Amino acid sequence: MTQARLTVMSFNLRYLNEQDGENHWSNRLDKVVKMIHNHRPDLIGTQEVLPSMLDDLTAALPEYAWIGRGRDNEDGDGEHCAIFYKKDLAEVLEQGQFWLSETPETAGVAGWDARLPRICTWAQFKGKDGTDLSGRTFLFYNTHLDHVGKLAKEESAKLIWKQMKEQWQHTSIPVMLTGDFNSHPDTMPIQYLDERSFDEDNALRLVNAYEVIDGPVGATAHGFKGIMEASSIKGKPIDYIYVSSDLQVIETEVDRSRIGGGYPSDHYPVV
C-alpha cells in the first residue's frame, strides 16, 4: 500500500465572548477561515466552539463536515470539541464522546477539582475510495483539559490514554490526539502522555508532534497579544498533537501569522 500524507490541525478558536471587543468572534471568523484555507488540513481538532460558531463555520467551510456535542448536558449545549474533516476524503464509521470525570458517560459533570465540565470527542474514520486514504481506517481524538484543576488535568490525561488504548486494542489502527491541554511540557499531564512512547507492553505508543521541532516550541496561547517568549513560562505550549508510532510526523508548525491586521484566536493553531 502506498504512503498517504495527512495534514492535521489543533485549533482553540476562543469562544464567542461579547466582552472581546475588536477580537469578537464576528471580527475573527474570516481570519479563522483564511487560516484554515492556508493550511488545508484534512482534519481539525477544535476547542471552545459554541453552536452559533459551528453554524458560521459550516457555512464558511462547505468542504468540511464535523462531529461532536456540547459539554454542558445531554442536549449538547455549551462548548464543543468538534472534529472537522474533509467530506471528500473520509467518512465516519463510529463516533462518541466522554466526559473527563470520575463518571465519563455522565454528561455535564466537572470531574475532580475541575472548574468546568470537560470532554473528549472521538471518531473512527475510513478513507473514501479514490483518495490516498482509500480503505484506511484510523482513530481521532480531540480534547480540552480544565484550565484550573491540577488533579483534573492529571486524571484527564490518564483517562484519555485509557480510553484510547482500549479502543486501539480492538482495532490496532493508527491513532491521533489533538487538544488544548492547558499544560506546559514540564507538567504531569504532558509528561505522562510523552512517556506513553515507552508503553510497557509494546502496544500503543504515542509520539509528540513537537519532537520534530528543533529548539523551543514557544507559546501557543497568547491572549491576542502575539506572545512567543520561548524563554519564559508564557513561552511554553499548551496545545498539542500526538500520533501513534505507526505514523510518521514529517513537519510540525505553530502558525503565529496575523491575518488582516489581527489574530484569528487567542491561541495559535498547531499543524
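Model, not experiment: these values are computed from the prediction. (Residues numbered from 1 in each chain as written. Predicted model: local features only at pLDDT ≥ 70, side-chain atom pairs only at ≥ 80, totals over all residues. Heavy atoms only, no water.)

*Asks:* Explain the packing of aromatic side chains here, please?
*Replies:* Two aromatic rings are characterised by how far apart their centres lie and by the angle between their planes. Taken as a whole and judged by the stated rule, the model has eight aromatic pairs. Ring centres of Y210 and Y240 lie 5.5 Å apart, and the angle between their planes is 65°; on these two criteria the pair is classed as edge-to-face. Placement of the pair is Y210 in the loop between β9 (206–208) and β10 (239–244) and Y240 in strand β10, with a sequence separation of 30 residues. Residue Y210 shares its accessibility class with Y240, and that shared class is buried. Here the aromatic residues F181, Y210, Y240 and Y242 are joined through ring pairs into a cluster of three or more. If you follow R196 out to its NZ or CZ, it ends over the ring of Y192, 4.0 Å from the centre. (Phe/Tyr/Trp six-rings, centres within 6.5 Å; stacked < 30°, edge-to-face > 60°. Helix = DSSP H or I, 4+ residues; strand = E, 2+ residues; numbered from the N terminus. Buried < 20%, exposed > 50% of the residue type's maximum accessible area, 1.4 Å probe, protein only. Lys NZ or Arg CZ within 6 Å of the ring centre and 35° of its normal.)

*Asks:* Looking at this model, I keep getting lost on the pattern of salt bridges. Mind explaining?
*Replies:* One side chain can pair with another of opposite charge once the charged atoms of both are near each other. Across all of its chains, the model carries 11 salt bridges by this definition. Between E195 and R196 there is a salt bridge; the shortest N-O distance is 3.5 Å. Overlapping salt bridges bring together R71, D72 and E79 as one network. (Salt bridge = Lys/Arg side-chain N within 4 Å of Asp/Glu carboxyl O.)

*Asks:* Would you explain the environment of F138 in this entry?
*Replies:* Relative to the elements of secondary structure, F138 occurs in strand β7 (residues 137–144). On the basis of relative accessibility, which here comes to 4%, the residue F138 falls in the buried class. In the structure, F138 is positioned 33 residues away from T171 in sequence and 8.8 Å away in space, judged by C-alpha atoms. Among all residues touching F138, those that are not within four sequence positions of it are L43, A123, Q124, F125, L133, I173, P174 and M176. (Contact = heavy atoms within 4.5 Å.)

*Asks:* What is the right way to look at the sheet that holds strand β1 (residues 8–12) in this model?
*Replies:* Picture the strands of a sheet paired through backbone hydrogen bonds; they go either parallel or antiparallel. The four strands lie next to each other as β1-β2-β4-β3, forming an open sheet whose pairing is mixed. Sheet topology places β1 and β3 (64–67) at the edges, where each strand pairs with a single neighbour. On average, each strand axis in the sheet is inclined to that of its neighbour by 20°, with strand direction left out of account. (Pairing = 2+ DSSP bridges. Axes fitted to C-alpha atoms, helices over the stretch in contact; angles between N-to-C directions.)

*Asks:* What is the right way to look at helix α2 (residues 51–60) in this model?
*Replies:* Because the α-helix completes a turn every 3.6 residues, residues three or four places apart line up on one side. Among the residues making up α2, those that are buried are M53, L54 and L57. Seen from one end, α2 has its buried residues packed into an arc of 100°, which puts them on one side. Summarising the geometry of α2, the exposed residues directed more than 90 degrees from the buried face are D55 and A59. On the buried face of α2, the contacting elements are α1 (25–39), β3 and β4 (83–86). (Arc of directions from axis to C-beta.)

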